[in-house]
Amino acid sequence: MRLSELSERSGVKTATIKYYLREELLPPGRRVTATQAEYDESHLRRLRLVRALIQVGRLPVATVREVLSHVDDASLGRTIRLGAALWSLPHGPDPDEKAPETAVAREAVERLLDRIGWATSQEIGSLSPAHRALVSSVATLIRLGYPCDADYLAEQAGLMRQVAVQDLDMMETYPTEPEQVEIAVASAVLYEPLLMALRRMAQEEESARRYGL
C-alpha cells in the first residue's frame, strides 16, 4: 500500500507517519521510485503498536525506540527478546535501600519465589525492574502495616501465573516471533489497565453480594 492508504487504514496522519519513519519507530517501506515507497501489513501492525505505546502508555519517543529495538533484535532468543522489550517499559519505583523495611521485603520476596518455584525470577533477581518494583511494593505494605503475608502473596502470584499463561497462549497465535513480541508488549500497555479495571469491578460485585447495596 502507498503512504496515503497506510494513513487511511491506520487512522494516523501522513505527517505523523513520516515523523515515525524519521525517528525509526517504523521501518522504511520498499522503495518503488525515488520519492515513493510501498508499505505492507507489518507497517500497519507496527503503527498500531507505536500509537498504543505513545497514546495509551504515554511513553516518550526515545523509550518507544528502545522498546522496538528489542522487539526487532533477531539475535536474541524469544525469552530474552521479550524480557528486554518489557524491561524497557516503565515500572514502579526502585526500593529505597535506606529504608529498614526494604531488607525485610527482599527476604519476603525471595521466600515467595522459592515457595512458588519461580526459578527464573530468582536467578535474574534485582536485575529485573519487575523484581525491584515488587520488593518496593512489599516494603511499602510492611511500612504502612498492611497485610502481605506469604500465603496472600503466593495466592496472588498464582492468579498472575494464570494470566501469564493466557497472555502467552494468545501470543503464540501470531505466526512470527516479531509479531509475538509485539503483541506481548502491546498487552503490557493495553491489558494491564483492563486487569485493574476488572479487579475493581470484581470488588464492587463481591461487596454488593456480601453486604448489599
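Worth saying up front: this structure is predicted, and the values here are computed from it rather than measured.

1. Quick word on the nonpolar core
Soluble, globular proteins show a tendency: their nonpolar side chains are buried together. Counting 32 residues, the largest nonpolar core has L6, L53, L89 and V185 as the members making the most contacts within it. Listing elements by their share of this core, those giving two or more residues are α1 (3–10), α2 (14–22), α3 (41–56), α4 (61–71), α5 (78–87) and α10 (177–211). Considering each element in turn, this core owes the most residues, 7 residues, to α10. Membership of the second largest hydrophobic core comes to 11 residues, among which are L113, V135, A139 and L153.

2. Details of the packing of α1 against α2
Running from amino to carboxyl end, α1 crosses α2 at an angle of 105 degrees, the nearest separation of the two axes being 9 Å. Classified by the interaxial angle, the pair formed by α1 and α2 is roughly perpendicular. Along the contact surface, α1 presents L3, S4, L6, S7 and S10, while α2 presents T14, I17 and K18.

3. Regarding helix α6 (residues 100–116)
Its 17 residues place the ends of α6 25 Å apart at the C-alpha level, agreeing with the 24 Å of an ideal helix rising 1.5 Å per residue. Those residues of α6 that sit buried are E101, T102, A105, A108, V109, L112 and L113. Along the axis of α6, the buried residues cluster in a sector spanning 135 degrees; they form a single face. Along α6, the residues that are exposed and aim more than 90 degrees away from the buried face are P100, R111 and D114. One or two steps after α6, the chain reaches G117, where phi turns positive at roughly 75 degrees.

4. What to know about a nonpolar patch on the surface
Nonpolar side chains collect at one region of the surface, where V56, L190, Y191, L194, L195, L198 and M201 lie side by side and expose about 610 Å² of accessible area between them. Here the nonpolar patch takes 6 residues from α10, the largest share from any one element. For L194, the position within the fold is in helix α10. Residue classification places L194 among the partly exposed residues on the basis of a relative accessible area of 40%.

5. Concerning the UniProt feature "domain: HTH merR-type" (unreviewed entry) in the protein chain
Per the UniProt annotation, the sites labelled "domain: HTH merR-type" (unreviewed entry) are residues 1–70. Helix makes up 61% of residues 1–70 and strand 6%, whereas the separation of the span's terminal C-alpha atoms amounts to 26 Å.

6. A closer look at unusual backbone geometry
Non-glycine residue E24 carries a positive phi angle of around 60 degrees. Structurally, E24 is set in the loop between α2 and β1 (30–31). Non-glycine residue R58 carries a positive phi angle of around 55 degrees.

7. As for the packing of aromatic side chains
A complete count under the given rule lists 1 aromatic pair for this structure. Considering the side-chain rings of Y19 and Y20, the 6.0 Å spacing of their centres and the 50 degrees angle between planes classify their relative orientation as tilted. By relative accessible area, which is 31% here, Y19 ends up partly exposed. Assessed through its relative accessible area of 3%, Y20 is described here as buried.

8. A few points about the domain arrangement of the protein chain
Considered domain by domain, the protein chain is made up of domain 1 (3–87) and domain 2 (100–211). Between domain 1 and domain 2, the C-alpha centre-to-centre distance is 28 Å. For the pair domain 1 and domain 2, the summed buried surface comes to about 1600 Å²; carbon and sulfur atoms form 72% of the total. Of all residues in domain 1, the largest losses of buried area upon contact with domain 2 belong to R45, R78 and W87, amounting jointly to 38% of the total for that side. Across the domain 1-domain 2 interface, the total number found is 4 salt bridges. Linking E182 and R46 is a salt bridge whose minimum nitrogen-to-oxygen distance equals 2.8 Å. Counting every contact that joins domain 1 to domain 2 gives 5 residue pairs in polar contact (both at pLDDT 80 or more). Secondary-structure elements contributing two or more residues to the side of domain 1 that touches domain 2 are α3, α4 and α5. Among the residues making up the side of domain 1 that touches domain 2, the classes are represented as 11 nonpolar, 2 polar and 4 charged.

Definitions and cut-offs
Residues numbered from 1 in each chain as written. Predicted model: local features only at pLDDT ≥ 70, side-chain atom pairs only at ≥ 80, totals over all residues. Heavy atoms only, no water. Core = buried A, V, L, I, M, F, W, Y, C linked by side-chain atoms within 4.5 Å. Buried < 20%, exposed > 50% of the residue type's maximum accessible area, 1.4 Å probe, protein only. Helix = DSSP H or I, 4+ residues; strand = E, 2+ residues; numbered from the N terminus. Axes fitted to C-alpha atoms, helices over the stretch in contact; angles between N-to-C directions. Parallel < 35°, antiparallel > 145°, perpendicular 65-115°, else oblique. Contact = heavy atoms within 4.5 Å. Expected span 1.5 Å × (residues − 1). Arc of directions from axis to C-beta. Patch = residues over 30% accessible without salt bridge, like charges linked within 9 Å, V, L, I, M, F, W, Y side chains within 5 Å. Areas by Shrake-Rupley, 256 points an atom, 1.4 Å probe, with all protein chains shown as cover. Salt bridge = Lys/Arg side-chain N within 4 Å of Asp/Glu carboxyl O. UniProt positions renumbered as here; feature names shortened; annotations may be inferred. Phe/Tyr/Trp six-rings, centres within 6.5 Å; stacked < 30°, edge-to-face > 60°. Domains from an automatic or database assignment. Buried area = accessible area lost by both parts, 1.4 Å probe. Polar contact = N/O pair within 3.5 Å; in protein donor to acceptor, adjacent residues only side chain to side chain. Nonpolar A, V, L, I, M, F, W, Y, C, P; charged D, E, K, R; others polar.

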